[in-house]
Amino acid sequence: FRSVSFLDGIIGEAGEQIRVLYSQGVSNDAESLFRSSEFVTPSQTGEPVRGLKGEYFTNRDFSGAPIITRIDRRVRFDWGESAPVPGMPQDDFSIRWTGKIRVDSDGEYQFFVQGDDGFRLFVNGQKIIDEWQDQGATLKDAKLSLKAGMLADIKLEYFEHTGDAQVSFGWAKAVNRQDSEALKLAATSDVAVVCVGFNATTEGEGFDRSFALSNEQQELIKEVAKVNAKTIVVLSAGGNVAM
């Protein structure tokens, strides 16, 4: 099996007479944020430790004492049909992560959570993502304005019912679309080609798919079309797209 990216395909068709410029218009890729996001948790010594405090429960409603409490450097887990830790059941368990994130500058920040089954995210006590239901692997994101210098409180709750179990969490400052390289290239090019749609994390067998493009992709299309009247949008999807 060999796949060809949109970029390689366009370059191949354009040949040597047409110059093809590229920029990743939506840079907040969820998977990369899951791998790189940083968190801190206050400790008894007063010196914060890196990661979030994870409390692991042998039921779906966080009742009783957790079977284990530990610091998880990052939340990026795919347990399949196995138990997260020894002594926990394979099904019907829940986990709560708490801690803080350091905010370096004023602006909008984006938060991504992907889970199978239910999850909900609170930032500074405000619930910004709520997917508390049985479902296949589902990716959700939300934005929130934060001030520089603050340590924002984080609480992520997750439950697993049956079948596969996975949960990931990441965050980053939202991209200022007006200052992005993609818009600058689009404004100075003869034609702009915007490739958007779904991939294996947002569309596949075993779970409901969204019909709507992500907010980031919709904003990208609108902004590129404003600066270049000759804009082509390429949709990659296994079904209809609401846009």
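Residues numbered from 1 in each chain as written. Predicted model: local features only at pLDDT ≥ 70, side-chain atom pairs only at ≥ 80, totals over all residues. Heavy atoms only, no water.

Further remarks concern the overall build of the protein. Helices and strands together make up the secondary structure of the protein, namely 4 helices and 14 strands. Oriented by its inertia axes, the alpha-carbon framework of the protein measures out at about 65 × 45 × 30 Å. If you take every contact in the protein between residues at least 6 apart in sequence, the share linking residues at least 24 apart comes to 70%. Where the 26 positive side-chain charges of the protein centre and where its 36 negative ones centre are 6 Å apart. (Helix = DSSP H or I, 4+ residues; strand = E, 2+ residues; numbered from the N terminus. Contact = heavy atoms within 4.5 Å. Lys, Arg positive; Asp, Glu negative; His and termini not counted. Charge placed at Lys NZ, Arg CZ, Asp CG, Glu CD.)

Further remarks concern the pattern of salt bridges. Inspection of the entire model under this criterion finds 13 salt bridges. Residue Glu 38 is joined to Arg 50 by a salt bridge in which the shortest nitrogen-to-oxygen separation is 3.0 Å. Residue Glu 38 is found in the loop between helix H2 (30-36) and strand E1 (40-41), and its partner Arg 50 is found in strand E2 (residues 49-50); the two are separated by 12 residues along the sequence. By relative accessible area, Arg 50 is classed as partly exposed at 48%. Salt-bridge contacts for Lys 155 lead to Glu 157; the nearest nitrogen and oxygen are separated by 4.0 Å. Lys 155 sits in the partly exposed class, given a relative accessible area of 29%. Given a relative accessible area of 5%, Glu 157 falls into the buried group. (Salt bridge = Lys/Arg side-chain N within 4 Å of Asp/Glu carboxyl O. Buried < 20%, exposed > 50% of the residue type's maximum accessible area, 1.4 Å probe, protein only.)

This paragraph deals with the side chain of Arg 120. Within the secondary structure, Arg 120 is located in strand E8 (residues 118-123). At 2.6 Å, the side chain of Arg 120 forms a polar contact with the side chain of Glu 157. Not counting chain neighbours up to four residues away, the residues in contact with Arg 120 comprise Phe 62, Lys 127, Ile 129, Asp 130, Trp 132, Lys 155, Leu 156 and Glu 157. (Polar contact = N/O pair within 3.5 Å; in protein donor to acceptor, adjacent residues only side chain to side chain.)

Quick look at the packing of aromatic side chains now. Here the structure, examined in full by the defined rule, presents 11 aromatic pairs. For the pair Phe 77 and Trp 79, a centre-to-centre distance of 5.0 Å together with 10° between the ring planes defines the contact as stacked. What makes Trp 79 buried here is its relative accessible area of 13%. Each ring, one from Tyr 109 and one from Trp 171, has its centre 6.1 Å from the other, and the planes form 40°; the classification is tilted. Of this pair, Tyr 109 sits in strand E7 (residues 107-116) while Trp 171 sits in strand E12 (residues 165-173), placing them 62 residues apart in sequence. (Phe/Tyr/Trp six-rings, centres within 6.5 Å; stacked < 30°, edge-to-face > 60°.)

Trp 79, Trp 97, Phe 111, Leu 121 and Phe 169 are the most contacted members of the largest nonpolar core, which has 32 residues in total. Formed by 10 residues, the second largest nonpolar core is a distinct cluster that contains Leu 183, Ala 186, Leu 220 and Ile 221. (Core = buried A, V, L, I, M, F, W, Y, C linked by side-chain atoms within 4.5 Å.)

What follows is about a nonpolar patch on the surface. On the surface, Phe 6, Ile 10, Val 191, Val 193 and Ile 232 cluster together into a nonpolar patch covering about 400 Å² of accessible area. Tracing the sequence through the fold places Ile 10 in helix H1 (residues 6-14). Residue class for Ile 10 comes out partly exposed when judged on its relative accessible area of 34%. (Patch = residues over 30% accessible without salt bridge, like charges linked within 9 Å, V, L, I, M, F, W, Y side chains within 5 Å. Areas by Shrake-Rupley, 256 points an atom, 1.4 Å probe, with all protein chains shown as cover.)

As a further point, take the pairing of strand E9 (residues 126-131). As judged from the 5 bridges shared by E8 and E9, these two strands associate in the antiparallel manner. Within E9, the position partnered with Phe 122 by the bridge is Lys 127. Where E8 hands over to E9, the hairpin turn is made up of 2 residues, of which Asn 124 adopts a positive phi near 55°. (Pairing = 2+ DSSP bridges.)

Okay, unusual backbone geometry next. Phi is positive for Phe 62, close to 60°, though the residue is something other than glycine. Within the element layout of this structure, Phe 62 appears in the loop between strand E3 (52-57) and strand E4 (68-72).

Time to look at the sheet that holds E12. The 4 strands lie next to each other as E5-E12-E7-E10, forming an open sheet whose pairing is antiparallel. Looking along the sheet, the strands with just one partner apiece sit at the ends: strand E5 (76-80) and strand E10 (138-146). Averaged over all pairs of adjacent strands, the angle between strand axes in this sheet comes to 15°, irrespective of strand direction. Direction of pairing for E5 relative to E12: antiparallel, over a ladder of 4 bridges. Residue pairing for E12: Arg 76 is matched across the bridge by Ser 168. (Axes fitted to C-alpha atoms, helices over the stretch in contact; angles between N-to-C directions.)

A few words on the confidence of the model for the protein. Averaged over all residues, the pLDDT of the protein equals 90, while 96% of them reach at least 70. Confidence, expressed as mean pLDDT per element, reaches its minimum in the protein at H2 with 81 and its maximum at E8 with 97. (pLDDT = per-residue confidence, 0-100.)

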